[in-house]
Amino acid sequence: MRQTISVLIPDGESHMLIFVVNSLSNIPQLKIYVMSEKPDIAMRYSRHVHNYSYYPLELEPRKWIENINQEVERHSIDIILPVFETGIRKLIEYKDLLDFPEKLISWVDLKNYDIAVDKWRLALHMEKNGIPYPKTKLICFENVNDKMDYPFIVKPVTDTGGGRGVELIANYTDWEFFISKNAQDEVKYLSQEFIMGSDYCCNVLCKEGKILYYTIQRGILWGRNRFSAQTGYIFQDKQEILGLTEDLMKSLNWSGVACVDIRYDNSDDTFKVLEINARYWRSLMGSLSAGINFPYLSIAQHLNQNVEVGEFKTIKYLNLKGLVSSVVENPFMIFKMGFIWNNTPLKYALKDPLPMIYKFFWRNKNLLLKRFGRI
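Being a predicted model, the structure only gives us computed values, none of them experimental. Along each chain, the written sequence defines residue order, and numbers are assigned to residues from 1. Side-chain atom pairs in this predicted model are given and counted only at pLDDT of 80 or more, local residue features only at pLDDT of at least 70, and totals for whole chains, interfaces and linings cover all residues. Excluded from the side-chain calculation are hydrogens and water; included are all heavy atoms of the structure.

A.B. asks: I would appreciate a short explanation of the overall build of the protein in the present structure.
C.D. replies: Numbering of helices and strands starts at the N terminus; helices are DSSP runs of H or I of at least 4 residues and strands are runs of E of at least 2. Helix and strand content of the protein: 14 helices and 14 strands. This radius of gyration counts C-alpha atoms alone. The globule rule is 2.2 Å times how many residues there are, raised to the power 0.38. By the compact-globule yardstick of 21 Å for 375 residues, the protein fits well, its C-alpha radius of gyration being 21 Å. Dimensions of the protein, computed from C-alpha atoms along their principal axes, come out at roughly 60 × 55 × 45 Å. Here the protein, with 375 residues, has 52% of them falling under the buried criterion. Think of it in three bands: residues with accessible area under 20% of the maximum for their type are buried, residues over 50% are exposed, and the middle band is partly exposed, with areas taken using a 1.4 Å probe on protein chains only.

A.B. asks: What's the story with the pairing of strand 9 (residues 197–207) in this structure? I'm lost.
C.D. replies: Residues in a regular strand point their side chains to alternate faces of the sheet. Counting buried residues along strand 9, nine of its eleven residues qualify, which places the element largely inside the surrounding structure. Strands qualify as paired when DSSP identifies two bridges or more between them. Two strands pair when backbone bridges link them, and strand 9 and strand 12 (residues 256–265) are joined in this way by ten bridges, in the antiparallel orientation. Across the sheet, the residue bridging to N203 is C259, located in strand 12. Across eight bridges, the pairing between strand 9 and strand 10 (residues 210–222) is antiparallel. Bridge assignment links C206 to a residue of strand 10, and that residue is I211. Between strand 9 and strand 10, which pair antiparallel one after the other, the connecting turn spans two residues, and E208 there sits at a positive phi close to 50 degrees.

A.B. asks: Mind showing me how you'd approach unusual backbone geometry here?
C.D. replies: Both trends apply: most residues other than glycine have a negative phi, and most peptide bonds are in trans. Each neighbour pair has its own omega, and for Y150 with P151 the value is -10 degrees, a cis peptide bond. Not every positive phi belongs to a glycine, and N253 is a case in point at roughly 50 degrees. Here N253 shows up in the loop between helix 7 (239–251) and strand 12.

A.B. asks: How should I be thinking about the packing of aromatic side chains in this particular structure?
C.D. replies: The geometry of an aromatic ring pair is captured by two quantities: the separation of the ring centres and the angle between the planes. For Phe, Tyr and Trp, rings pair up if their centres lie within 6.5 Å, where Trp contributes its six-membered ring, and each pair is then called stacked (planes under 30 degrees apart), edge-to-face (over 60) or tilted (otherwise). In this structure the tally under the stated criterion is 14 aromatic pairs. Between Y214 and F312, the aromatic rings sit 5.5 Å apart at their centres with planes inclined by 85 degrees, giving edge-to-face as the arrangement. With Y214 in strand 10 and F312 in the loop between helix 9 (294–302) and strand 14 (315–318), this residue pair connects regions lying 98 residues apart in the sequence. For the pair shown, Y214 and F312 are each scored as buried. Among the aromatic residues, those joined into a ring-pair cluster are Y150, F152, W175, F178 and Y189. For a lysine, the NZ atom is tested; for an arginine, the CZ atom; a charge sits over a ring if that atom is within 6 Å of the ring centre and within 35 degrees of the ring normal. Here the guanidinium or amino end of K90 rests over the ring plane of W64, the centre of that ring lying 4.2 Å away. Above the face of the F100 ring, K103 is positioned so that its terminal group lies 4.5 Å from the ring centre.

A.B. asks: Teacher, can you tell me more about the sheet that holds strand 2 (residues 30–36) here?
C.D. replies: The pairing of strands in a sheet happens through backbone hydrogen bonds and is either parallel or antiparallel. Strand order in the open sheet formed by four strands is 3-2-1-4, with parallel pairing between adjacent strands. The open sheet has two edge strands, strand 3 (49–54) and strand 4 (79–80), and neither has a second partner. In this sheet, strand 4 lies alongside strand 1 (residues 5–9) in parallel orientation, the contact comprising two bridges. Looking at strand 4, one finds that V7 is bridged to I79. Contacts are residue-level and defined by heavy atoms, with any inter-residue pair within 4.5 Å sufficient. Lines are fitted to the C-alpha atoms to define the axes, a helix being fitted only along its stretch in contact, and any angle between axes, read from their N-to-C directions, falls within 0 to 180 degrees. Those strands touched by helix 2 (residues 61–75) are strand 1, strand 2, strand 3 and strand 4, and its axis lies near 150 degrees from that of strand 2.

A.B. asks: I tried to follow the nonpolar core on my own but got confused; where do I start?
C.D. replies: Buried together is how nonpolar side chains tend to be arranged in soluble globular proteins. L248, M249, W254 and I276 are the most contacted members of the largest nonpolar core, which has 79 residues in total. Aside from chain neighbours lying at most four places away, what touches M249 is V204, C206, G209, I211, W254, V260 and I276. Think of a nonpolar core as a cluster: buried Ala, Val, Leu, Ile, Met, Phe, Trp, Tyr and Cys residues, connected wherever their side-chain atoms sit within 4.5 Å. Counting 14 residues, the second largest nonpolar core, distinct from the first, contains L8, M35, W64 and V72.

A.B. asks: For this particular structure, what's the right way to read the pairing of strand 12?
C.D. replies: For strand 12, the tally of buried residues reaches ten of ten residues, placing the bulk of the element in the interior. Where strand 12 lies against strand 13 (residues 270–277), seven bridges are found, and the strand directions are antiparallel. Opposite R263, over in strand 13, you have K272 as the bridge partner. Hairpin remark: strand 12 followed by strand 13, antiparallel, with four residues in the connecting loop; positive phi at D269, about 55 degrees.

A.B. asks: When you look at a nonpolar patch on the surface in this model, what are you seeing that I'm missing?
C.D. replies: A surface patch of nonpolar side chains, about 490 Å² in accessible area, is lined by Y45, L354, I357, F360 and F361. Assignment of secondary structure puts Y45 in the loop between strand 2 and strand 3. Judged by relative accessible area, Y45 falls into the partly exposed class, the value being 34%. What makes a patch is a set of residues exposed beyond 30% relative accessible area and free of salt bridges, joined within 9 Å when like-charged and within 5 Å when nonpolar (Val, Leu, Ile, Met, Phe, Trp, Tyr). Note that accessible areas follow from Shrake-Rupley with a 1.4 Å probe, and for residues the cover is restricted to the protein chains shown. Put simply, a salt bridge is a Lys or Arg side-chain nitrogen that is within 4 Å of an Asp or Glu carboxyl oxygen.

So, in structure tokens, the structure goes:
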């Protein structure tokens, strides 16, 4: 990679920012610029962020694009790298309004992007293309007396990051309660058969339907419940999962990154696609520890620069919540310093402590103010 590449992340308010910045911080030639609709966030104080620009929230996408153009000109930006679905989609749709559209990281076209982020449209697409997926129905609250096969999962058609809005319906009582809570909701829901099995993710970087780089992980630890974000993973190679993901990405002619949620079905010994996270993902640092730096490789691929990357390693990885829960369960784990340094994000937090300190004081500000007699 040539000397000094300036990278603008235009949707810096996203909670994915920390994972992308930490990944890019491993490449000294990169200079990271962040633009955000929030005036003050933890990553503003990261030593890896060269410049942080605040612009008030713009409901009009064209105005947001104008702000990006201003930042690109002001800082001589080489690469525009959105990290979350909202920003990615707007930049795909309004790419022609960019003063330098060639600086935007390559993405799939808008039609297929919208299929990927809409779970109902994705189910119809997979049915049409012969890609295995759980039985799925669009929920119509005006006709909720249809016969249902329990248990099943309900989830919003869009935006279930971190398991938000996902529920297990075990019986008719659960179903009645769910209806009473959500019948007046404007959110669209679908039902999906509950599969007894294991959770996997296949993370990819693609170009025109071809997978260039990938990692595969199996979930082993979760947060609040089984549908919340995973906090521990085992990265391992599974060719059946790779083949299934290849078929899916090819059917969408996918370009860019994606995290494909997949479920192993104990009943028939097969893998089935649950959904696509058409953005960067929470386990990005695990992929990095396994040997694949997705944000950097996205930049290198866009610049047509060759990067030698070996096969990803089989490792266990814990995020900070997973590390804490593992130490609580087994205090002797604290002595596995090699594992903690290489297979958790702790070293990134220690090397770049200000964002973590900011989060601590922000989350505990009322308690601290009370403690020191200011309220």
